[in-house]
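Commentary on secondary and tertiary structure
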Amino acid sequence: MTETLWYVGGILFIAIGIAVSIGLHEIGHLVPAKKFGVKVPTYAIGFGPTLFKFRRGETEYALKLIPLGGFITMIGMYPPVKKSAKPLPAGKKLGFFADMISQARSAHNEHESPADANRKFYQLPVGKRMVIMFGGPFMNLLLGLGLFAFVMGVMGVPQRTNLIAQVSPCIATTVMQVTDCDPVADPSPAVAAGLQISDEIVAVNGKTADDAAVLIQELPAGAPAVFTVLRDGKNVDLNLTPTVAMRPVIDSKTGQVQLDESGDPVLQERTVIGVVFANQRVQQGPAYIAEQSLAAVSQVGTMILTLPQQMVQVFDATFGGGERNPAGAVSVVGIGQLAGEVAATESADITDKLATGLMIIASLNFALFAFNMLPLLPLDGGHIAGGVYEAAKRGIYRLRGKSDPGPADTALLMPATWFVVILLMAMSVLLILADLINPIAF
């Protein structure tokens, strides 16, 4: 019962984190839009039926049923059709895509009044429009950095100490071996030497142990060594002979176990003595936080660039009976599953659970930042790319002595936007189905 409550609590924690992330993203659009005088009729978190709403000034604020995004509406998002355009012949109807473009131009016209004639989005200088569109992703980037800084700089990062937390009665020859010892198995070197839980290794062969685990791995197997431990306030020397065993290879950059092409841990022979060292949280400085944040954003960027291949892998694993890639893409359902499993883990204390939950939300915000910066409409990056194109075009016209061409007519890209929306919806459905049918084994 307690485990179930923790699992549900983890999901709720992430759900709240996602809602806050979406809300701040839209605030990143809302605040500069209002600052620059654009009329914003609606600010909403979620899609679908409205659960709760209120009005403040000219803007309606709403919370909707489906928490898969959010939006603000701005009048005059796209410029009107140019006066030089040929009028539609009488009795002729617009085609599907032409009608889509026309509807995009007239969207939210019902909120306009004569007083709003100069409060339309497309009328702003291109720089201000780009600030508005960048504001959303920028808020996600800031939130991700803030959470990274809080977890690493305030809560601290778990680091291995020289304090012995566990003494193994024997040595498992491989990582997959059962931890129960065979009755005839030889005792571990630690047991044979008399090492105890709560002993702190302070030196090995007279060399001060800044990191005892590293010193142990440098010892030759089968060669006797002298371990100096702090026990009950006194230094005690113990004679110990290390042995060897197959152990997983840890990536020095990510801290994760390296996997081979089959998804199994990469093993190598290492010197061991049969102890597990305790961890403690150590607060990190700005340089470490910046390095880890950059690595996280880069990792998300790499994942987005390889998204097409990942979708193929997800499809094959889901409908072909294979295993999902633990480092692959997941939906909000998968994120909730991960958060629930972390929260329900009995071996983790409340600080570890909270830190992991916050890091999940931080990583999600980095993903929202990187994904929204893709130069595709209707994503924010698509509007920014349109602004870059417009600025370049106006600059070229100015250099050539031509009259100002006016704002870029991105409404003409609505057919392409339609295809992007369908593609994004299909990817979302595939990932949600995959997380329900064949979830990643965390």
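Below is a short write-up of the structure. (Residues numbered from 1 in each chain as written. Predicted model: local features only at pLDDT ≥ 70, side-chain atom pairs only at ≥ 80, totals over all residues. Heavy atoms only, no water.)

Quick look at empty space enclosed by the protein
Note the following rule: Points on a 1 Å grid, built from protein atoms alone, make a cavity when a 1.4 Å probe fits but cannot get out and make a pocket when they are open with protein on both sides within 12 Å along at least 5 of 7 lines; residues with an atom within 4 Å of a point are the lining residues. Grid points are joined across faces, edges and corners, and a volume is the space filled by probe spheres set on the points. To qualify as a helix, a DSSP run of H or I must reach at least 4 residues; to qualify as a strand, a run of E must reach at least 2; elements of each kind are numbered from the N terminus. As a working rule, the residues Ala, Val, Leu, Ile, Met, Phe, Trp, Tyr, Cys and Pro are called nonpolar, Asp, Glu, Lys and Arg charged, and the rest polar, with Gly in that last group.
Applying the stated criterion to the full structure yields one cavity of 30 Å³ or more. Within this model, the largest cavity holds a volume of roughly 170 Å³. Taken together, 16 residues make up the lining of the largest cavity; nearest its centre are F121, R129, H383, G387 and T410. Taken together, the elements giving at least two residues each to the lining of the largest cavity come down to α3 (126–155) and α10 (380–399). Of the residues assigned to the lining of the largest cavity, the class counts are ten nonpolar, four polar and two charged.

Notes on the nonpolar core
The condition is simple: Throughout this description, the term nonpolar core refers to a set of buried Ala, Val, Leu, Ile, Met, Phe, Trp, Tyr and Cys residues connected via side-chain atoms within 4.5 Å. With a 1.4 Å probe rolled over the protein chains alone, any residue whose accessible area is under 20% of its type maximum counts as buried; one over 50% counts as exposed, and the rest are partly exposed. Here, residues are in contact when the closest pair of their heavy atoms is within 4.5 Å.
Ranked by size, the top nonpolar core spans 46 residues in total, and within it I14, V38, M74, F121, I132 and M133 carry the most contacts. Contributions of two or more residues to this core are made by α1 (2–35), β1 (42–56), β2 (59–73), α2 (96–106), α3, α6 (286–305), α8 (332–344) and α9 (350–372). For this core, the leading source of residues is α9, giving nine residues. Non-local contacts of M74, meaning those with residues more than four positions away in its chain, are made with A33, V38, K39, V40, P41, H108, F121, I132 and M133. Among the nonpolar cores identified, the runner-up in size contains 21 residues, and A213, A225, F227 and L240 belong to it.

Details of a nonpolar patch on the surface
The line we're drawing: Nonpolar side chains (Val, Leu, Ile, Met, Phe, Trp, Tyr) within 5 Å and like charges within 9 Å form the patches, drawn only from residues with over 30% relative accessible area and no salt bridge. Note on areas: Shrake-Rupley, 1.4 Å probe, and residue coverage restricted to the protein chains presented here. Throughout this description, the term salt bridge denotes a Lys or Arg side-chain nitrogen within 4 Å of a carboxyl oxygen of Asp or Glu.
The grouping of F47, L51, F52, F54, L63, L65, I66, L68 and V332 at the surface amounts to a nonpolar patch, some 800 Å² of accessible area in total. Among the elements of the structure, β1 and β2 are those that each provide at least two residues to the nonpolar patch. Its place among the elements puts L68 in strand β2.

Concerning the environment of G46
Within the fold, G46 resides in strand β1. For G46, a relative accessible area of 0% corresponds to the buried category. Along the sequence, G46 and I22 sit 24 residues apart, while their C-alpha atoms lie 8.3 Å from each other. Setting aside anything within four residues of it in sequence, one finds G46 in contact with K64, I66, P67, G69, G70 and F71.

Observations regarding the environment of Y389
Structurally, Y389 can be placed in helix α10. Of the residues examined, Y389 reaches a relative accessible area of 51% and is grouped as exposed. Considered as a pair, Y389 and E3 are 386 residues apart in the sequence and their alpha carbons are 54 Å apart.

Honestly, that's just the spatial picture; any functional story needs more than this.
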